[in-house]
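Survey of secondary and tertiary structure
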Amino acid sequence: MKIAMPVKPKGDDYVLSTAYGKAKFFLIYDTDTQESKIIENTALNGKGIAQDLAGEHVDVVITNHIGGGAYNALVEKGIKAYFTEDKNQSYQKIIKSFLENKLTEITPQNFYMVPQHHHH
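For the structure given in this document, a descriptive report is provided here.

Parameters at a glance
- Residues numbered from 1 in each chain as written.
- Predicted model: local features only at pLDDT ≥ 70, side-chain atom pairs only at ≥ 80, totals over all residues.
- Heavy atoms only, no water.
- Helix = DSSP H or I, 4+ residues; strand = E, 2+ residues; numbered from the N terminus.
- Rg over C-alpha atoms; globule rule 2.2 N^0.38 Å.
- Salt bridge = Lys/Arg side-chain N within 4 Å of Asp/Glu carboxyl O.
- Buried < 20%, exposed > 50% of the residue type's maximum accessible area, 1.4 Å probe, protein only.
- Core = buried A, V, L, I, M, F, W, Y, C linked by side-chain atoms within 4.5 Å.
- Contact = heavy atoms within 4.5 Å.
- Arc of directions from axis to C-beta.
- Polar contact = N/O pair within 3.5 Å; in protein donor to acceptor, adjacent residues only side chain to side chain.

**Section: the overall build of the protein chain**
Counting its secondary structure elements, the protein chain contains three helices and seven strands. Listing every helix and strand of the protein chain by position from the N terminus yields β-β-β-β-α-β-α-β-α-β. Relative to its length of 120 residues, the protein chain is compact, with a C-alpha radius of gyration of 13 Å against a globular reference of 14 Å. In terms of principal-axis extent, the alpha carbons of the protein chain reach across some 35 × 30 × 25 Å.

Listed below in structure tokens is the structure:
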């Protein structure tokens, strides 16, 4: 399984970014090989990154907020989204939480509970 999340550099590591579509980088972690890689988010929007993540065969995205368009783009690509309240945490800690089934899957039914950014 491949897990992706928006990240930002912090020292020698990467931590979860509070941005989603505008995050400059996404980390992709492969649970089979236990390897991770960083891809640049050249689209800088939720729909564009969904396309890129689908191209990387990502199964799951973990985020602490996501807008409707970005969420729908993931759903269309068959990518599941999970919510974490952790901000600025190491990606390793967040992946561990996911693998221990501690994160909530974002569904159309609970989507309204996930923090979203609205542009005016």
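**Let's talk about the pattern of salt bridges**
In the structure shown here, the tally under the stated rule is four salt bridges. Where E56 meets K37, a salt bridge forms, and the shortest distance between an N and an O atom there is 2.8 Å. You can see E56 sitting in the loop between α1 (46-55) and β5 (60-63) and its partner K37 sitting in strand β4 (residues 35-40), a full 19 residues away along the chain. The exposure class assigned to K37 is partly exposed, which follows from its relative accessible area of 40%. In this structure, D86 and K93 form a salt bridge, with 3.6 Å as the shortest nitrogen-oxygen distance. On the accessibility criterion, K93 (38% relative accessible area) is partly exposed. In the salt-bridge network here, residues are joined through shared partners; they are K96, E100 and K102.

**Some thoughts on the nonpolar core**
Residues Y20, L53, V61, I66, L74 and I106 are the most contacted members of the largest nonpolar core, which totals 22 residues. Counting only elements with at least two residues in this core, the list comes to β3 (25-30), α1, α2 (68-76) and β6 (80-83). Contact partners of L53, with chain neighbours within four places excluded, come to A4, Y20, F26, I28, I39, V58, V61, L74 and I79. In this structure, V60, Y91, I94 and L103 belong to the second largest nonpolar core, which totals 14 residues.

**Regarding the environment of N41**
Within the secondary structure, N41 is located in the loop between β4 and α1. Judged by its relative accessible area of 3%, N41 is buried. As for N41 and T104, which are separated by 63 residues in sequence, their C-alpha atoms are 24 Å apart. Beyond its immediate sequence surroundings of up to four residues, N41 is in contact with Y20, G21, K22, A23, K24, F25, F26 and I49.

**So, helix α3 (residues 91-99)**
Those residues of α3 that fall on the buried side of the exposure criterion are Y91, I94, I95, S97 and F98. The arc that holds every buried residue of α3, seen down its axis, measures 155°, which confines them to one face. The inward-facing, buried residues of α3 abut β1 (2-10), β2 (13-16), β3, β4, β5 and β6. N101 sits one or two residues past α3 and shows a positive phi near 60°.

**Here we look at the side chain of N64**
Checked against the element boundaries, N64 lands in the loop between β5 and α2. Residue classification places N64 among the buried residues on the basis of a relative accessible area of 3%. One polar contact links N64 to H65, side chain to side chain, over a distance of 3.5 Å. A polar contact is formed between the side chain of N64 and the backbone oxygen of D86, at a distance of 3.5 Å.

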